[in-house]
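Fold and contact review
The residues making up each chain are set out below.
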Amino acid sequence: MTTTDTTTPAAGTLGAELREAALAALRRIGADVPSVELVDPADGTSTRSTIPVVSPLAGEPLLTLPEAGAADVDAAITSAAEAFRTWRSVPGPVRGGVVRRLGELLTEHKADLAELVTIEAGKITSEALGEVQEMIDVCDYAVGLSRSLGGRTMPSERPGHRLMEQWHPLGVVGVVSAFNFPVAVWSWNTAVALVCGDTVVWKPSEKTPLSALASNALLRQALAEAGFPEAVSQVVLGAREAGEALVADRRVALLSATGSERMGQQVAPVVAGRGGRYLLELGGNNAAVVAPSADLDLAVRGIVFAAAGTAGQRCTSLRRLIVHSSVVDDLVGRLQAVYAGLPIGDPRADGTLVGPLTDGGARERMLAALDEARADGGTVVVGGEAVEVDGAPGAAYVSPALVRMPAQTDVVRRETFAPILYVLTYDTLEEAIALHNDVPQGLSSAIFTLDVREAETFLSEVGSDCGIVNVNIGTSGAEIGGAFGGEKSTGGGRESGSDSWKQYMRRATNTVNYSTELPLAQGVNFG
Ligand code: NAD
């Protein structure tokens, strides 16, 4: 018996509406939804493992999809490795043409893909559209790269010799991604990897498989239109086990993994142990310093978007506010007023600013963190409660929390993936920077100040120890032109712009002798 699906939410429910909307978006994009073989035709008994597609808007399964087993991951890597043999020799600008077409298809289907992102990740429509725009932007960037990837020529110490470097395609790139950026993270990796001449196997979050199928379908369409094998781009659906199979495979030359610090700690030793390369984009615990000279109107806007936007579920979400004692009461009062009026609800509705958390577990972890903060002497100024939304009893909505803390205790030093903003106070800039850097993570940071000395100190080598350091804007909302990533337990990886492309290529240093002599370097004489 073969069926396309085992899960059908009751007619007339939110689950049924979301299922129909998701299937319609997939149809418009031209993505196939793989069927689930419940009973193995070979022996008539064994069941195939599956993953449910659960929307955080409804908190119930909409569909069931087949889960990739070890053999499926192996087959995907084999196909990608085979495709690499032809793709690596396609001229860079021609590879760029495929990425340009992907950008066009993403533009055409921007609303469809954003709808899937909202249904699977719970983002408000504007942020989901922004995520797809980020994909389009990185395609533009990669098209430019496809004509400008270049190596250096260095002066040789030997006469009649040329010393230079070339960059060659690396091989199969494995991408493991998190639920909260279900499509943009794939595109940062894939657009750049493709112009570099690599092929890609993607293991998306088990929470966002439909967005992944849709993105992959658009890229495969771009490949097929240009006459290239679709096998250049592979998706394997599944949870941790599918990711582990990809991580362990020696044929995966670069493993780019985005997710929690815990996941990165599991992945890094496995890839290093097999001599592979890894690129880790892990959790953050991002802070903003608010100095006495700050423009508080501007600071409030930047802080609320960074802390409450995406329901606090961005790696760059603002989690700690380090405020000068002379302005803390004023700032907390203003934030309290804004937090109290934040529109929470269905992320598809006009005006909603805060959608649901990904699941009930995330809500429990948020409420437990708030209990721990209270036990540490913290005071919840506003928010921090479960919120019921009409028609969605299974969804995990919360009100973003603002919490004043007497000190930076353990709970503040951890990343809780939910909208909690801890407020700490300081008196000297040195104290603020010490507090700022005294966490395990090092992703994104900001200072709000109109004092050029403070701003430059925060940006300097004695300032923030993060990969992203901003002045007078919040911690979230990076552009694709810069290298994105963080230090310390955030993993040290850099993706997207600047020279991040170098991680997707291998460098060969070449010495060419065009003379009739054979001088040795360092003046060595060998008879
Ligand atoms: P997660 O760590 O639970 O899962 C991330 C991905 O890793 C999933 O695809 C999961 O199936 C896979 N995975 C888990 N364990 C694995 C293992 N041992 N081997 C191989 N694959 C494994 O994270 P999540 O809940 O989906 O996402 C939230 C986390 O991701 C937060 O910590 C957030 O800060 C982080 N994140 C970081 C960035 C960044 O760029 N730094 C971006 C987005 C999210």
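As annotated in an unreviewed UniProt entry, the protein chain carries the name aldehyde dehydrogenase (NAD(+)) and is attributed to Krasilnikoviella flava. Regarding the protein chain, the relevant UniProt record gives this comment under Subunit (unreviewed entry): "Homotetramer."

Once that is clear, we can look at the domain arrangement of the protein chain. Domain annotation of the protein chain identifies domain 1 (14–153 + 161–282 + 495–506) and domain 2 (286–482). The straight-line distance from the C-alpha centre of domain 1 to that of domain 2 is 30 Å. In this assembly, 28 residues from domain 1 lie in contact with 31 residues from domain 2. Approximately 2200 Å² of surface area, both sides summed, lies buried where domain 1 meets domain 2, with 55% of it carried by carbon and sulfur atoms. Where domain 1 meets domain 2, there are three salt bridges.

UniProt records the feature "active site" (unreviewed entry) for Glu281 in the present numbering. With sequence-adjacent residues up to four places away left out, Glu281 is seen in contact with Ala257, Thr258, Gly259, Phe484, Gly485, Gly486, Thr490, Gly493, Arg494 and Glu495.

Take the nonpolar core next. Ranked by size, the top nonpolar core spans 85 residues in total, and within it Leu113, Leu116 and Leu210 carry the most contacts. Counting only domains with at least three residues in this core, you end up with domain 1 (14–153 + 161–282 + 495–506) and domain 2 (286–482). Contacts of Leu116, omitting those with residues within four sequence positions, involve Ala22, Ala25, Leu26, Ile29, Leu210, Ser211 and Ala214. Val289, Ile322, Val328 and Ala446 belong to the second-largest nonpolar core, a separate cluster that totals 57 residues.

A few words now on the side chain of His324. Following the sequence through the fold, His324 ends up in strand β11 (residues 318–324). Overall, His324 belongs to the buried group, its relative accessible area being 14%. When residues no more than four places from it in sequence are discounted, the contact partners of His324 are Val290, Ala291, Pro292, Tyr426 and Asp427.

Its volume calculated, the largest pocket comes out at about 1200 Å³. In this structure, the largest pocket is lined by 44 residues; those nearest its centre are Ala178, Gly259, Ser260, Arg262 and Met263. Every element with two or more residues in the lining of the largest pocket is listed here: α6 (184–195), α8 (240–248), α9 (261–273) and α12 (360–375). For the lining of the largest pocket, the leading source of residues is α9, giving six residues.

Before going further, it helps to examine the pattern of salt bridges. Scanning the model with the defined rule gives 25 salt bridges in all. Asp499 is paired through a salt bridge with Lys502; the nearest N and O atoms lie 4.0 Å apart. When its relative accessible area of 40% is taken as the criterion, Asp499 is described as partly exposed. Overlapping salt bridges bring together Glu17, Asp346 and Arg348 as one network.

Once that is clear, we can look at the packing of helix α4 (residues 110–121) against helix α5 (residues 125–145). Relative orientation of the contacting elements α4 and α5 amounts to 125 degrees, with a least axis distance of 8 Å. By the angle between their directions, the pair α4 and α5 is classed as oblique. In this structure, α4 crosses over α5, and the sense of that crossing is right-handed. Residue-level inspection shows Lys110, Ala111, Leu113, Ala114, Val117 and Thr118 of α4 in contact with α5, the latter providing Thr125, Ala128, Leu129, Glu131, Val132, Gln133, Met135 and Ile136. Here the contact of α4 with α5 is built from residues that sort into nine nonpolar, three polar and two charged.

As a further point, take the site of the ligand. Looking at the ligand, there are 30 residues lining it, with Lys203, Glu206, Ser260, Gln266 and Glu415 nearest. Note that an oxygen atom of the ligand is positioned 2.6 Å from one of the side-chain N or O atoms of Ser260. A distance of 2.6 Å separates an oxygen atom of the ligand from a polar side-chain atom of Glu415. Burial of the ligand by the protein amounts to 92% of the accessible area it has alone, namely 850 Å². One can see that the ligand is located within the largest pocket. Of all the elements in the fold, those that place two or more residues in the shell around the ligand are α8 and α9. For the shell around the ligand, the class distribution of residues is 13 nonpolar, ten polar and seven charged. Domain assignment of the residues forming the shell around the ligand places at least three in each of domain 1 (14–153 + 161–282 + 495–506) and domain 2 (286–482).

Calculation rules
Residues numbered from 1 in each chain as written. Predicted model: local features only at pLDDT ≥ 70, side-chain atom pairs only at ≥ 80, totals over all residues. Heavy atoms only, no water. UniProt positions renumbered as here; feature names shortened; annotations may be inferred. Domains from an automatic or database assignment. Contact = heavy atoms within 4.5 Å. Buried area = accessible area lost by both parts, 1.4 Å probe. Salt bridge = Lys/Arg side-chain N within 4 Å of Asp/Glu carboxyl O. Core = buried A, V, L, I, M, F, W, Y, C linked by side-chain atoms within 4.5 Å. Buried < 20%, exposed > 50% of the residue type's maximum accessible area, 1.4 Å probe, protein only. Helix = DSSP H or I, 4+ residues; strand = E, 2+ residues; numbered from the N terminus. 1 Å grid on protein atoms, 1.4 Å probe; cavity = no way out; pocket = protein on both sides within 12 Å on 5 of 7 lines; lining within 4 Å. Points joined across faces, edges and corners; volume = space filled by probe spheres on them. Axes fitted to C-alpha atoms, helices over the stretch in contact; angles between N-to-C directions. Parallel < 35°, antiparallel > 145°, perpendicular 65-115°, else oblique. Left-handed = near helix turned anticlockwise from the far one by under 90°. Nonpolar A, V, L, I, M, F, W, Y, C, P; charged D, E, K, R; others polar. Near = heavy atom within 4 Å. Polar contact = N/O pair within 3.5 Å; in protein donor to acceptor, adjacent residues only side chain to side chain. Areas by Shrake-Rupley, 256 points an atom, 1.4 Å probe, with all protein chains shown as cover. Sits in = over half its atoms within 2 Å of the grid points.

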